[in-house]
Amino acid sequence: QKEVEQNSGPLSVPEGAIASLNCTYSDRGSQSFFWYRQYSGKSPELIMFIYSNGDKEDGRFTAQLNKASQYVSLLIRDSQPSDSATYLCAVRRVNRDDKIIFGKGTRLHILP
Amino acid sequence: DAGITQSPRHKVTETGTPVTLRCHQTENHRYMYWYRQDPGHGLRLIHYSYGVKDTDKGEVSDGYSVSRSKTEDFLLTLESATSSQTSVYFCAIRSGSIEQFFGPGTRLTVL
């Protein structure tokens, strides 16, 4: 089982709709969770992090964490064409080697 | 951009030649990382550093070495480049206790 799994996509969402990106992780000791956005040919950009169960909102972005289900998601409200990118889920394994493990990413395409 | 630069940004080299990539940061961060990113594999950690002269291996360290003689510089060396090391290489730093930020990347092609 891969440590961090994401559907590779592409996920196509109409402009103005809610985009929902999902990620599961295998290590129950994981304590910090990150979402990065990566445009083609660019470096990953941190957009959200969460470490407590529940929701964390920042503008149009909401990160949701369910540790019991080992599941983290990112919701993007009012999707814009500029949101078209690859979204990387990442997990920090505190109390082990403290490294961040990345999923392979989900490609999101917002349809104008 | 968290004050991270990488050099060179693009490099084409031949199999068997040594290559050194440089990561430079201006904000005195303790932790620095080297990743490679390949289609189908995502981001994979090569080596990381938790202080001057303190380094450790990541999941894909074979064929790579690193050095950190100053806080601001973290060097990645391919002793004898192979075609399988063609990739995009990203340096990253950890800011504070949680967030990790990436440099602009180096695209390396080994012919």
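Figured I'd write up the structure that's included with this text. (Residues numbered from 1 in each chain as written. Chains lettered and ligands numbered in written order. Predicted model: local features only at pLDDT ≥ 70, side-chain atom pairs only at ≥ 80, totals over all residues. Heavy atoms only, no water.)

Examining the overall build of chain A
Right, so step 1: If you tally the helices and strands in chain A, you get zero helices and 11 strands.
Right, so step 2: N-terminal to C-terminal, the α/β element order of chain A is β-β-β-β-β-β-β-β-β-β-β.
Right, so step 3: Whereas a compact globule of 112 residues would reach a radius of gyration of roughly 13 Å, chain A reaches 13 Å, a difference of no more than 12%.
Right, so step 4: By its C-alpha atoms, chain A is 45 × 30 × 20 Å across when sized along the principal axes.
Right, so step 5: Of all 112 residues assigned to chain A, the portion counted as buried reaches 45%.
Right, so step 6: Counted over contacts in chain A with a minimum sequence separation of 6, partners at least 24 positions apart contribute 54%.
Right, so step 7: Total accessible area computed for chain A in this model is approximately 5400 Å², and 46% of it derives from carbon and sulfur atoms.
Right, so step 8: Between the mean site of the 14 positive side-chain charges and the mean site of the 12 negative ones, chain A shows a separation of 6 Å. (Helix = DSSP H or I, 4+ residues; strand = E, 2+ residues; numbered from the N terminus. Rg over C-alpha atoms; globule rule 2.2 N^0.38 Å. Buried < 20%, exposed > 50% of the residue type's maximum accessible area, 1.4 Å probe, protein only. Contact = heavy atoms within 4.5 Å. Areas by Shrake-Rupley, 256 points an atom, 1.4 Å probe, with all protein chains shown as cover. Lys, Arg positive; Asp, Glu negative; His and termini not counted. Charge placed at Lys NZ, Arg CZ, Asp CG, Glu CD.)

Things to note about the sheet that holds strand 7 (residues 61-66) of chain A
Right, so step 1: An order of 1-3-8-7-6 (chain A) is seen for the five strands of this open sheet, with the pairing classed as antiparallel. Pairing within the sheet leaves two strands with one partner each, and these edge strands are strand 1 (4-5) and strand 6 (54-58) of chain A. (Pairing = 2+ DSSP bridges.)

Topic: the packing of aromatic side chains
Right, so step 1: As enumerated under the stated definition, the model contains 14 aromatic pairs over all chains in all.
Right, so step 2: A ring pair is formed by B:Tyr31 and B:Tyr33, whose centres lie 6.5 Å apart and whose planes are at 15°; its orientation type is stacked.
Right, so step 3: According to the relative accessible area criterion, B:Tyr33 is buried, its value standing at 2%.
Right, so step 4: Ring geometry for B:Tyr35 versus B:Phe102: centroids 5.5 Å apart, planes at 50°, classification tilted. Remark: B:Phe102 occurs in strand 10 (residues 99-102) and B:Tyr35 occurs in strand 4 (residues 32-38); sequence separation between them is 67 residues. No difference in accessibility class separates B:Tyr35 from B:Phe102, as the two residues are buried.
Right, so step 5: One aromatic cluster is present, formed by A:Tyr36, A:Phe102, B:Tyr31, B:Tyr33, B:Tyr35, B:Tyr48, B:Tyr50, B:Phe90 and B:Phe102 through successive ring pairs.
Right, so step 6: Sitting over the ring of A:Phe61, A:Arg60 keeps its end group 5.6 Å from the ring centre.
Right, so step 7: When the ring centre of B:Tyr31 is taken as reference, the NZ or CZ atom of B:Arg94 above it lies at 3.9 Å. (Phe/Tyr/Trp six-rings, centres within 6.5 Å; stacked < 30°, edge-to-face > 60°. Lys NZ or Arg CZ within 6 Å of the ring centre and 35° of its normal.)

Some details on the interface of chain A and chain B
Right, so step 1: Taken together, the contact between chain A and chain B spans 17 residues of the former and 20 residues of the latter.
Right, so step 2: Taken together, both faces of the contact between chain A and chain B bury some 1500 Å²; the carbon and sulfur share is 57%.
Right, so step 3: On inspection of chain A and its partner chain B, the count reaches zero salt bridges.
Right, so step 4: Applying the counting criterion to the chain A and chain B interface returns four residue pairs in polar contact (both at pLDDT 80 or more).
Right, so step 5: Mapped onto the side of chain A that touches chain B, the elements with two or more residues apiece are strand 4 (32-38), strand 5 (45-50), strand 9 (85-92) and strand 10 (100-102) of chain A.
Right, so step 6: Across the side of chain A that touches chain B, the residue classes break down as nine nonpolar, two polar and six charged. (Buried area = accessible area lost by both parts, 1.4 Å probe. Salt bridge = Lys/Arg side-chain N within 4 Å of Asp/Glu carboxyl O. Polar contact = N/O pair within 3.5 Å; in protein donor to acceptor, adjacent residues only side chain to side chain. Nonpolar A, V, L, I, M, F, W, Y, C, P; charged D, E, K, R; others polar.)

A short note on the side chain of A:Gln38
Right, so step 1: Along the polypeptide, A:Gln38 turns up in strand 4.
Right, so step 2: Within the structure, the side chain of A:Gln38 is placed 2.8 Å from the side chain of B:Gln37, a separation counted as a polar contact.
Right, so step 3: Setting aside chain neighbours within four positions, we find A:Gln38 in contact with A:Ser43, A:Pro44, A:Ala85, A:Thr86, A:Leu88, B:Gln37 and B:Phe90.

Remarks on unusual backbone geometry
With the exception of glycine, the majority of residues adopt a negative phi angle, and the majority of peptide bonds are in the trans configuration.
Right, so step 1: Residue A:Pro10 is reached from A:Gly9 by a cis peptide bond, and omega for that bond is 10°.
Right, so step 2: Along the chain, the position of A:Pro10 falls in the loop between strand 1 and strand 2 (11-14).
Right, so step 3: Of note, the amide linkage connecting B:Ser7 to B:Pro8 takes the cis form, showing an omega dihedral of -10°.
Right, so step 4: Relative to the elements of secondary structure, B:Pro8 occurs in the loop between strand 1 (4-7) and strand 2 (10-13).
Right, so step 5: One non-glycine residue, A:Gln70, lies in positive phi territory at about 55°.
Right, so step 6: As for its placement among the helices and strands, A:Gln70 is situated in the loop between strand 7 and strand 8 (71-76).
Right, so step 7: The exposure class of A:Gln70 is buried, given its relative accessible area of 11%.

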